[in-house]
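Chain residues, written in single-letter form:
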Amino acid sequence: MTIKPKAKKFRIRRSPAAPDAGPGGEAAAARPVPAPDMHSSASAASASAQPQPQHSNAAAQAAPAATAVGKSPQSGGQTGGPSGGLAGALSGQVSSARETRLETDIDAIRQEGLTGRQLRMARRVAQKHDLPATSDFDAVRLLREKGIDPFKRANMLELVVPQNKAQPDNTPAVGQNVQLPQTVPAAKINLPSTELSPAERRQHEISEMQRAIAGRRRRKLVLLMARLAFFVLLPTLITGYFFYAVATPMYATKSEFLVLKADGAGAVSSLLSGTQFATSQDSIAVQVYLQSKGAMLRLESEMGFKTHFSQDWIDPIQRLDPNATNEQAYKIYKRNVKIGYDPTEGVVRMEVSAADPEISAEFSRRLISYAQDEVNHLSEQKRSDQVSEAEAALELAENKRREAQRHLVELQQDGMVLDPEGVILSLRSQINTFEMQVQQKELELAALLDNTRPNRAKVAGVEADINRLSEVIKRLNDRMTDASEGENSLANHRVQIQMAQADLATRDLMLQSALQQVESTRMEANRQVRYLTTAVAPVASEEASYPRKFENTILAFLIFSGIYLLCSLTASILREQVSS
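Residues numbered from 1 in each chain as written. Predicted model: local features only at pLDDT ≥ 70, side-chain atom pairs only at ≥ 80, totals over all residues. Heavy atoms only, no water.

*Asks:* Help me understand the overall build of the chain, please; the structure alone is not making it clear to me.
*Replies:* Each helix and strand in the chain was counted, giving 18 helices and six strands. The 580 residues of the chain split such that 28% are buried. The long-range share in the chain, meaning contacts at least 24 apart out of those at least 6 apart in sequence, stands at 78%. For the chain, the accessible area works out to roughly 38,600 Å², and carbon and sulfur atoms hold 56% of it. (Helix = DSSP H or I, 4+ residues; strand = E, 2+ residues; numbered from the N terminus. Buried < 20%, exposed > 50% of the residue type's maximum accessible area, 1.4 Å probe, protein only. Contact = heavy atoms within 4.5 Å. Areas by Shrake-Rupley, 256 points an atom, 1.4 Å probe, with all protein chains shown as cover.)

Right, dumping it as structure tokens:
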């Protein structure tokens, strides 16, 4: 962006004064110069922009005026020295705002770096629109003020227009620019000239240029169409011919099945039993199994998968080599067996394609049976693992209880006493009884001795009874002591029997818990049973599903077009980089 200068420009011109000055020179020099108006400033700017001949004309016009005003120094005028210097004083002229703006715009256009061809084009467009341009840059400025783009292609093509015919008197038509030198009209008596006028020659050259441009465009268009036909249309036609005439029709059989879980009685365990999230893992496992090489080998062993796709009437692209390996057959299997699992609905969708509709339906039925076996195997393995662990725990509890019971019986047999605690209680009761009798006898003896003259026979009898009872109590205490002390005492034997009884009771509780665990595990295993339910049974198709001829042809066209576009862009970028 060019910023216009704020200060005005001053153009200083030296007056073309003669070498001598006369008496009138001082008066001529003293006369004030009239202030130039806008028209005179514009004419001055135009005159300054004209080529050198116009400057020479202006100098020629200024020379007589200078000779009329001043005198020659040889004539010895009255004014000399300072007066002569005053006659040759400088005359100044102030440029207007319009002149300043014009010069600023022209300077800005000059700094754009326009080529000579663009300047010539601008001059021709300005002549066409009858604009008074003083130079090529001024022509660009005038056209832009009119709102005309001088470098637009349409403006260049509109230059070829019929020239304005001259008047019968060989005078230029109204609005026609006079260009010098002009051709001298030939006399009527002269023969017609065979040479072309400059205008006709220029029109002829422009026509030749237009025809050359049109010819180049036609050649480029023809080459483009040839490339498109070779790289896009021809491959598309070959692909369409293959799909419509060569490709073997394939019949697809669609089926859908679900993996369900048995309803449980528990509240917490059955929160997700009725949703698809309860069997999502099993459904994914079934999907993975049906897409595996094992399912393909099982289908090959039962139905002859390789034999079906190795027949001669199948097209070469879908045909399987008779001696193909399992990997090659697996590629054909993945291409013709498509399985998808919908986690939102819990449905497994399967599509099996084959060259025969009945074989396709049979393949689908066999794969569903394989899925059923896989589901049963998964649930059976879960149930067997859980039940086997519970039964192993029950068996261990039974063995431990049996060992505890055997140990108790052995203790009872070793002591020859089935109930040592009962024996000890019996001894204690006997000792207590005899002690009570001793106390009674002692009371009776004290009563006898209270007499002044006791009966000695009765006293001796009571004392004898007390001694006998004391002997019995002593024997019982000794027996109690023997039963309570030592390793083989009744007390020790009693303690061992009590510990064995407690161990047996514990083993009984553990056995009961193991039995409950086995029952609950069996119930949980029954709730974890998986069932495969066929929602959509496979039905043989009557019409071929593949190949989709029209869709595949359009897709091939788009693919080839994209490849050609990418290659063309890459080549153009590389060409531009190399040329630059």
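*Asks:* Looking at this model, I keep getting lost on the nonpolar core. Mind explaining?
*Replies:* Nonpolar side chains in soluble globular proteins tend to be buried together. With 33 residues, the main nonpolar core has Phe257, Leu290, Phe305, Tyr333, Met350 and Leu367 as its most contacted residues. Of all the secondary structure elements, the ones that give two or more residues to this core are strand S3 (251-261), helix H10 (280-290), helix H11 (293-303), helix H12 (305-309), helix H13 (326-336), strand S4 (337-342), strand S5 (347-354) and helix H14 (357-414). Examining the composition of this core, we find that six residues originate from one element, H14, more than from any other. What leucine 290 contacts, discounting residues up to four positions off in sequence, is Phe257, Ala295, Tyr333, Ile339, Met350, Leu367, Tyr370 and Ala371. (Core = buried A, V, L, I, M, F, W, Y, C linked by side-chain atoms within 4.5 Å.)

*Asks:* Sorry if this is basic, but what is going on with the packing of aromatic side chains here?
*Replies:* In this description, a pair of aromatic rings is defined by centroid distance and the angle of the planes. Under the criterion given, the structure shown has seven aromatic pairs. With centroids separated by 4.9 Å and ring planes inclined at 90°, the aromatic side chains of phenylalanine 230 and phenylalanine 231 adopt a geometry described as edge-to-face. Residue phenylalanine 231 is classed as partly exposed on the basis of its relative accessible area of 44%. Among the aromatic side chains, those forming a connected cluster through ring pairs are Phe305, Phe309, Tyr330, Tyr333 and Phe363. Here the guanidinium or amino end of arginine 110 rests over the ring plane of phenylalanine 137, the centre of that ring lying 4.8 Å away. Sitting above the plane of the tyrosine 330 ring, lysine 293 keeps its charged end 5.9 Å from the centroid. (Phe/Tyr/Trp six-rings, centres within 6.5 Å; stacked < 30°, edge-to-face > 60°. Lys NZ or Arg CZ within 6 Å of the ring centre and 35° of its normal.)

*Asks:* What is the right way to look at the sheet that holds S3 in this model?
*Replies:* The pairing of strands in a sheet happens through backbone hydrogen bonds and is either parallel or antiparallel. Across the sheet, four strands lie side by side as S4-S5-S3-S6; this open sheet has antiparallel pairing. The sheet terminates laterally at S4 and strand S6 (530-536), the two strands that pair on one side only. Here the strands of the sheet are splayed against their neighbours by 25° on average, with no regard to which way each runs. The pairing of S3 with S5 spans eight bridges and is antiparallel. Note on S5: the bridge partner recorded for glutamate 256 is arginine 349. Contacting S3, S4, S5 and S6, H10 runs over the sheet at an angle of about 170° to S4. This element, H13, spans S4 and S5 of the sheet and lies at about 50° to S4. (Pairing = 2+ DSSP bridges. Axes fitted to C-alpha atoms, helices over the stretch in contact; angles between N-to-C directions.)

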